[in-house]
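Chain by chain, the residues:
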Amino acid sequence: MAAGPARGPAAITFHGMTALALLLSSPIVATLLLTVGILGLVAEIKHGAFGLGGLVSVLSLGLFFGASLVLGLAGWAEVVLLGAGVIAVALEVFVLPGFGFAGLLGAACIATAIVMSMLGGAPTPGDVATALAVLGTSVVISGAVAYAWLRHLPRSERFRGLLLHGSTGSAEGYVAALPRAELVGRDGVAVTDLRPSGAAQVGEERLDVVTDGEFVPAGTPVRVMRSEGYRHVVRALPPS
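Per chain, residues are indexed from 1 in the order of the written sequence. Under the rules for a predicted model, residues below a pLDDT of 70 receive no local features and side-chain atom pairs below 80 are neither given nor counted, while totals for whole chains, interfaces and linings still include all residues. In computing side-chain values, all of the structure's heavy atoms are included and hydrogens and water are not.

Student: So what exactly am I meant to see when it comes to the pairing of strand 5 (residues 231-236) here?
Tutor: Looking down a regular strand, the side chains alternate between one sheet face and the other. Alignment of strand 3 (residues 205-210) against strand 5, held across two bridges, turns out to be parallel. Across the sheet, the residue bridging to Val-209 is His-232, located in strand 5. Two strands make a pair as long as DSSP finds a minimum of two bridges between them. Only DSSP runs of H or I with at least four residues qualify as helices, and only runs of E with at least two residues qualify as strands; both kinds are numbered from the N terminus onward. As defined by bridge partners, strand 4 (residues 221-228) adjoins strand 5 across six bridges and the pair is classed as antiparallel. In the sheet register, Glu-228 faces strand 5, and the bridge partner there is Arg-231.

Given below as structure tokens:
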């Protein structure tokens, strides 16, 4: 005799998870989850440290991909691609300066994983169009929210207290460091390569120095040309 459909608490739990996954994978909810996830990544890139934005991003993307896994739309390939993208973006944020190849590669991997997780094994043109529409809508909304947030937050009356608006300039007598006119004209030796910044020994003092752009190898005699607070500009001396 053929076995009947599964019943009991396990069946109820399975059907509940499936219903929740269907809700999370619907175009509207999926767009919302992706938007929150992207905004969390933007916040992490802006601040350069893992915090609340990263936690919210991980939670949102986890719900999005978890729903696809429950429904059988995503597999290990999408998970690996997403992980590679997150690692590349993390390298760009915490290790590499600026936003370059690693960041672009990570964003491309994450976008590809998102689209693949909504297609399944045999996607139709309609499925592809829906996946691209969800991703595109999320990117547009995230971009608009991030632009408004970064542009208008400093002028918001409600959040004005969160930001520093005043400044302390040299006209009011505030300086980063006392001027050291006695260093100008003194000779020393570059103790590190100046690329163009580095260190030089001037008398008994080791200083952080910078050139006007030229490369100066370690051991080269240098002369202090300007002293601007903490910024000491040197120039290589011709060999005697």
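Student: For this particular structure, what's the right way to read the sheet that holds strand 2 (residues 197-202)?
Tutor: Pairing between the strands of a sheet comes from backbone hydrogen bonds, and it takes one of two forms, parallel or antiparallel. Pairing is mixed around the closed barrel formed by five strands, whose spatial order is 1-2-3-5-4. Pairwise comparison of adjacent strand axes, ignoring direction, gives a mean angle of 55 degrees for this sheet. Relative to strand 3, strand 2 runs antiparallel, the two being bridged by six bridges. Each bridged residue has a counterpart across the sheet, and for Val-202 the counterpart in strand 3 is Glu-205. Fitted lines through C-alpha atoms serve as axes, helices being fitted only where they are in contact, and the angles separating the N-to-C directions of these axes extend from 0 to 180 degrees.

Student: Can you walk me through the environment of Thr-18 in this structure?
Tutor: Position of Thr-18 relative to the elements: it lies in helix 1 (residues 9-24). Residues are treated as being in contact if the distance between any of their heavy atoms lies within 4.5 Å. Beyond its immediate sequence surroundings of up to four residues, Thr-18 is in contact with Val-70 and Leu-71.

Student: Any chance you could explain the packing of helix 3 (residues 52-70) against helix 5 (residues 101-117) here in plain terms?
Tutor: Two numbers describe a pair of packed helices, the interaxial angle and the distance between the axes. Where helix 3 contacts helix 5, the two axes come as close as 10 Å, and the packing angle between them is 40 degrees. In this view, helix 3 runs oblique relative to helix 5, as classed from their interaxial angle. The two elements helix 3 and helix 5 cross, and the hand of that crossing is left-handed. Contacts between helix 3 and helix 5 involve Phe-64, Phe-65 and Ser-68 on the former and, on the latter, Ala-113, Ile-114 and Ser-117. The residue makeup of the contact of helix 3 with helix 5, split by class, is four nonpolar, two polar and no charged. Comment on the angle field: the value is read as roughly parallel under 35 degrees, roughly antiparallel over 145, roughly perpendicular from 65 to 115, and oblique elsewhere. Working rule for handedness: look at the near helix, and if it is turned counterclockwise from the far one by less than a right angle, call the crossing left-handed; if clockwise, right-handed. Residue polarity follows a fixed list, in which Ala, Val, Leu, Ile, Met, Phe, Trp, Tyr, Cys and Pro are nonpolar, Asp, Glu, Lys and Arg are charged, and the others, Gly among them, are polar.

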